[in-house]
Amino acid sequence: MVNVKLIEAIANAVLYEGYMLYPYRPSSVKNRQRWNFGVVYPRNYSEAQHGTDPWFTRTECLVQGTGQTRITAKVRFLQAISRTLRGAQNSQMIGQHSQAWQEATERNVVVEARRLDELVDAPISPVVDLPPSEATESICDADGRITGQIVRTQELILARVVLRASRINDDLYKITFEVANEGNVVDPDFADRDSALMRSLLSAHSILSVEGGEFVSLLDTPEELKDFAAQCKNVGTWPVLVGEENQRDAILSSPIILYDYPQIAPESAGDLFDGTEIDEILALRILTLTEDERHEMRHGDERARQILERTETLPEEQFLKLHGVLRGMRPTSEDQQ
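In short, a report on the structure. (Residues numbered from 1 in each chain as written. Predicted model: local features only at pLDDT ≥ 70, side-chain atom pairs only at ≥ 80, totals over all residues. Heavy atoms only, no water.)

**Here's the deal with the overall build of the protein chain**
No. 1: Summing up its helical and strand segments, the protein chain has 10 helices and 12 strands in all.
No. 2: Scored against the burial criterion, the 337 residues of the protein chain give a buried share of 44%.
No. 3: Considering only residue pairs separated by 6 or more positions, the protein chain has 72% of its internal contacts joining residues 24 or more positions apart.
No. 4: Working note: accessible area of the protein chain is about 17,700 Å², and carbon and sulfur atoms make up 49% of it. (Helix = DSSP H or I, 4+ residues; strand = E, 2+ residues; numbered from the N terminus. Buried < 20%, exposed > 50% of the residue type's maximum accessible area, 1.4 Å probe, protein only. Contact = heavy atoms within 4.5 Å. Areas by Shrake-Rupley, 256 points an atom, 1.4 Å probe, with all protein chains shown as cover.)

If you want it as structure tokens, here you go:
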């Protein structure tokens with residue numbers, strides 16, 4: 001059975017990789033150009049950049065099963081939210097609510113279970129259509145008077161996912177899952193990256209699960225299947241087995257290179273949005289921030305605020321757990337003793 005909790009923990013780490021880096025302030029240089037992994041740009045913007053900024057991803061992997069084996073696919077990504085200030089009357093208000101900033105909200109698109117024989121005969125190709133939106137939040141002073149507004153806008157995202165299968169032999173199939181951004185920017189030849197990001201799929205990755213069959217590892221492929229595995233062409237993502245060790249019912253196709261069965265360290269108190277996840281060092285560095293830096297971190301982004309509050313209240317015993325953990329120790333052979 002698919003271990004949903006374990007898989008989602010890994011997938012969330014991918015989803016928020018690099019979302020905001022230490023020192024977790026919008027004004028820091030590290031956070032002025034974000035979304036470096038898994039961006040699927042609008043097609044006309046990508047073509048204007050001669051394909052250097054991709055507009056689609058493709059995942060190909062192998063599954064052993066029968067025509068009755070069922071495949072479910074899910075694409076997960078972040079959608080950018082542009083946060084700006086309207087009518088703020090003084091610099092104190094601007095400081096409290098930070099400058100313009102791109103927040104993000106999670107999106108999930110699920111292709112429900114389909115039999116392999118169905119996918120061989122008729123690929124599934126649903127459209128992802130997220131309309132534009134705008135929301136406002138009032139800024140009030142200490143006396144409750146409205147002094148301005150925070151405006152959050154989202155732009156149109158138009159994408160398509162495609163799930164299909166091809167039969168290789170009696171019990172082996174190749175699965176193809178594509179995610180394509182078919183949206184456009186207004187003027188692709190002159191559009192800047194920030195405007196393109198507003199119509200992009202950010203940190204995009206996919207989770208595939210199988211019922212009545214097994215996925216084949218593309219990293220540790222059985223010898224008799226290596227020629228077939230070599231024919232799998234992955235673009236912008238790389239599929240690895242996820243879940244409990246030796247289970248083969250789920251694949252995570254990530255823009256970040258991972259090994260089969262990646263895990264979150266059990267000592268970690270929560271996400272820090274940094275792939276190295278050196279929790280002890282980052283936690284200690286956060287505690288050295290000045291009051292002004294903490295103020296900006298607290299008011300700049302909701303997820304950054306959560307990191308700060310979690311770190312400030314982390315019990316001493318939790319800090320001790322972050323230090324000096326040893327893993328994977330094995331007894332030495334007699335020859336090495």
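**Quick word on the sheet that holds strand β1 (residues 56-64)**
No. 1: The five strands are arranged β4-β7-β8-β1-β10 in an open sheet whose pairing can be described as antiparallel. A single partner strand is all that each edge strand has here, and the edge strands are β4 (127-130) and β10 (214-216). Between one strand and the next, the sheet's axes are offset by a mean angle of 25 degrees, whatever the strand orientation.
No. 2: The sheet contact formed by β4 and strand β7 (residues 157-169) spans four bridges and is antiparallel. For Asp-129, the partnering residue across the bridge sits in β7 and is Leu-158. (Pairing = 2+ DSSP bridges. Axes fitted to C-alpha atoms, helices over the stretch in contact; angles between N-to-C directions.)

**Focus: the packing of aromatic side chains**
No. 1: Inspection of the entire model under this criterion finds five aromatic pairs.
No. 2: With 5.7 Å between their ring centres and 80 degrees between their planes, Tyr-16 and Tyr-19 make a pair best called edge-to-face.
No. 3: On the accessibility criterion, Tyr-19 (1% relative accessible area) is buried.
No. 4: Between Tyr-22 and Tyr-24, the aromatic rings sit 6.2 Å apart at their centres with planes inclined by 90 degrees, giving edge-to-face as the arrangement. (Phe/Tyr/Trp six-rings, centres within 6.5 Å; stacked < 30°, edge-to-face > 60°.)

**Considerations on the pairing of strand β5 (residues 133-140)**
Regular strands place their side chains on alternate faces of the sheet.
No. 1: Bridging between β5 and strand β6 (residues 146-154) involves eight bridges; their strand directions are antiparallel. By the bridge assignment for β6, Ala-135 is matched with Arg-152.
No. 2: Hairpin connection between β5 and β6: a loop of five residues separates the two successive antiparallel strands, and Gly-144 in this loop has a positive phi of roughly 85 degrees.

**Examining the environment of Glu-296**
No. 1: Take Glu-296: it is sitting in helix α8 (residues 291-300).
No. 2: The exposure class assigned to Glu-296 is buried, which follows from its relative accessible area of 16%.

**Some points on the packing of α8 against helix α9 (residues 302-312)**
No. 1: Running from N to C, α8 and α9 cross one another at 130 degrees; their axes reach a closest spacing of 6 Å. Classed by the angle they form, the pair α8 and α9 counts as oblique. The residues of α9 that touch α8, namely those facing Arg-294, Met-297 and Arg-298, are Ala-304, Arg-305, Ile-307, Leu-308 and Glu-312.
No. 2: Taken together, the residues that form the contact of α8 with α9 break down as four nonpolar, no polar and four charged. (Parallel < 35°, antiparallel > 145°, perpendicular 65-115°, else oblique. Nonpolar A, V, L, I, M, F, W, Y, C, P; charged D, E, K, R; others polar.)

**Examining the pattern of salt bridges**
No. 1: Applying the stated criterion across every chain yields a total of 21 salt bridges.
No. 2: Between Arg-152 and Glu-103 there is a salt bridge, with its nearest N and O atoms 2.8 Å apart. Here Arg-152 is found in strand β6, whereas its partner Glu-103 is found in strand β3 (residues 101-115), with 49 residues between them in sequence.
No. 3: The salt bridge partner of Glu-309 is Arg-305, with a shortest N-O separation of 2.6 Å. Taken as a pair, Glu-309 and Arg-305 lie in helix α9 at a separation of four residues, close to a single helical turn.
No. 4: Beyond isolated ion pairs, a larger network of salt bridges with shared partners links Arg-83, Glu-103, Glu-137 and Arg-152. (Salt bridge = Lys/Arg side-chain N within 4 Å of Asp/Glu carboxyl O.)

**What to know about the nonpolar core**
No. 1: Core analysis: the biggest nonpolar cluster contains 31 residues, and Ile-71, Ile-175, Phe-177 and Phe-215 have the highest contact counts within it.
No. 2: Counting residues per element, this core draws most heavily on β7, at five residues.
No. 3: Those residues in contact with Phe-215 that lie beyond four places of it in its chain are Cys-61, Leu-62, Val-63, Ile-71, Leu-208, Ser-209, Val-210, Leu-241, Arg-248, Asp-249, Ala-250 and Ile-251.
No. 4: One finds Val-39, Leu-78, Val-185 and Ile-307 within the second-largest nonpolar core, a separate group that totals 29 residues. (Core = buried A, V, L, I, M, F, W, Y, C linked by side-chain atoms within 4.5 Å.)

**Some details on helix α7 (residues 279-287)**
Every α-helix carries 3.6 residues per turn, so stepping three or four residues along brings you back to the same face.
No. 1: Within the sequence span of α7, burial applies to Asp-279, Leu-282, Ala-283 and Ile-286. Each buried residue of α7 sits inside an arc of 100 degrees when the element is viewed along its axis, so together they form one side.
No. 2: Among the structural elements, α8, α9 and α10 (316-321) are those in contact with the buried residues of α7. (Arc of directions from axis to C-beta.)

**Considerations on helix α1 (residues 4-15)**
No. 1: With 12 residues, α1 extends 16 Å from end C-alpha to end C-alpha; this agrees with the ideal 16 Å at 1.5 Å per step.
No. 2: Among the residues of α1, Ile-7, Ile-10, Ala-11, Val-14 and Leu-15 are the ones counted as buried. Projected down its long axis, α1 shows its buried positions confined to an angular sector of 145 degrees, all on one face.
No. 3: Considering only its buried residues, α1 is in contact with β2 (70-86), β3, β9 (202-211) and β12 (250-254). (Expected span 1.5 Å × (residues − 1).)

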